[in-house]
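# Observations on the three-dimensional arrangement
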Amino acid sequence: MGKQYELFERVDPAIVRWMGKNGISLLRISLGVVFVWFGVLKFFPGLSPAQELVGATISDLFFGAVTPDVSLPVLAGWECMIGIGLVTGRLLRLTLFLLFVQMPGTIAPLFMYPELCFTHPPFVPTIEGQYIIKNLVLVSAGIVVGATVRGGKIDVQGASRQATVS
């Protein structure tokens, strides 16, 4: 077990340093891919599993003044802009602003249409509810990426220290 432990103690800090060096970029890019992917689906009627719920939510939020035939392409473009900004890493402050402005609207159906989002509110979400709840992860990822727009980094100093066993 001694040699395996020594190998672990040598390899683990290197892995943690690699994660610290690359994790934020990978998170930003993968978050961007999700936004582009879901955004593109909304450009094509019938492809997005959230299409009807999104259209109804936006229509109700704007008291019927914005119809789904207008709101879906606008939202699709909005999500694609967020995704492209995240993938490229350009205009990140604006990109994250767009992401955070969009999020309350994406969570609204949980409160506006609980019968569509849960089979047993609030503990058993439907597929639509799961689609919405995953946005908590997107918001958290956006917060982590946002912490880097002024040069913030992950501190992995502890990874290079050897653990001491008493």
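Just so you know, these numbers come straight off a predicted model, no measurement behind them.

Each value, and the rule that gives it
- Numbering of residues begins from 1 in every chain and follows the order in which that chain's sequence is written.
- Since the coordinates come from a predicted model, pLDDT governs what is reported: local features require at least 70, and pairs of side-chain atoms require 80 or more to be given and counted, while whole-chain, interface and lining totals use all residues.
- To obtain the side-chain values, all non-hydrogen atoms of the structure were included, while hydrogens and water were left out.
- Labels follow the DSSP assignment, with helices taken as runs of H or I lasting at least four residues and strands as runs of E lasting at least two, numbered in each case from the N terminus.
- The size measure is the radius of gyration over C-alpha atoms, and the globule rule it meets is 2.2 Å times the number of residues to the 0.38 power.
- We call a residue buried when its accessible area falls under 20% of the maximum for its residue type, exposed when it is over 50%, and partly exposed in between, using a 1.4 Å probe and counting protein chains only.
- By definition in these notes, contact holds between two residues if any of their heavy atoms fall within 4.5 Å.
- To obtain an axis, a line is fitted to C-alpha atoms, over the contacting stretch when the element is a helix, and the angle between two such axes runs from 0 to 180 degrees between their N-to-C directions.
- Roughly parallel refers to an angle under 35 degrees, roughly antiparallel to one over 145, roughly perpendicular to one between 65 and 115, and oblique to any angle outside these ranges.
- Note on residue classes: Ala, Val, Leu, Ile, Met, Phe, Trp, Tyr, Cys and Pro are nonpolar, Asp, Glu, Lys and Arg are charged, and everything else, Gly too, is polar.
- For Phe, Tyr and Trp, rings pair up if their centres lie within 6.5 Å, where Trp contributes its six-membered ring, and each pair is then called stacked (planes under 30 degrees apart), edge-to-face (over 60) or tilted (otherwise).
- Criterion for a charge above a ring: Arg CZ or Lys NZ at most 6 Å from the ring centre, at most 35 degrees from the ring normal.
- Each residue carries a pLDDT value, the predictor's own confidence for that position, ranging from 0 to 100.

### Quick word on the overall build of the protein
What the protein contains, in helices and strands, is 8 helices and 2 strands. Relative to a compact globule of 166 residues, whose C-alpha radius of gyration would be 15 Å, the protein shows 21 Å and is clearly more extended. C-alpha extents for the protein along the principal axes are approximately 65 × 40 × 25 Å. Split into buried and exposed, the 166 residues of the protein put 32% on the buried side. Contacts in the protein between residues far apart in sequence, at least 24 positions, make up 67% of those at least 6 positions apart.

### Concerning the packing of helix H2 (residues 51–61) against helix H4 (residues 92–112)
It is the contact of H2 with H4, at a shortest axis distance of 10 Å, that shows an interaxial angle of 90°. When the axes of H2 and H4 are compared, the pair comes out roughly perpendicular. Listed contacts from H4 to Leu53, Thr57, Asp60 and Leu61 of H2 are Gly105, Ala108, Pro109 and Met112. Split by residue class, the contact of H2 with H4 holds 5 nonpolar, 2 polar and 1 charged.

### So, the packing of aromatic side chains
Throughout the structure, instances matching the rule amount to 1 aromatic pair. Between phenylalanine 38 and tyrosine 131, the ring centres sit 5.3 Å apart and the planes meet at 20°, which makes this aromatic pair stacked. Here tyrosine 131 lies in helix H6 (residues 127–133) and phenylalanine 38 lies in helix H1 (residues 2–43), a separation of 93 residues in the sequence. A relative accessible area of 24% means that phenylalanine 38 is categorised as partly exposed. Lying across the ring of tyrosine 131, lysine 134 places its NZ or CZ 4.5 Å from the centre.

### Points about the confidence of the model for the protein
For the protein, per-residue confidence averages 90 on the pLDDT scale, and 94% of positions sit at 70 or higher. For residues 162–166, every residue scores under 50 in pLDDT, and the model assigns this stretch 4 contacts once sequence neighbours within four places are set aside.

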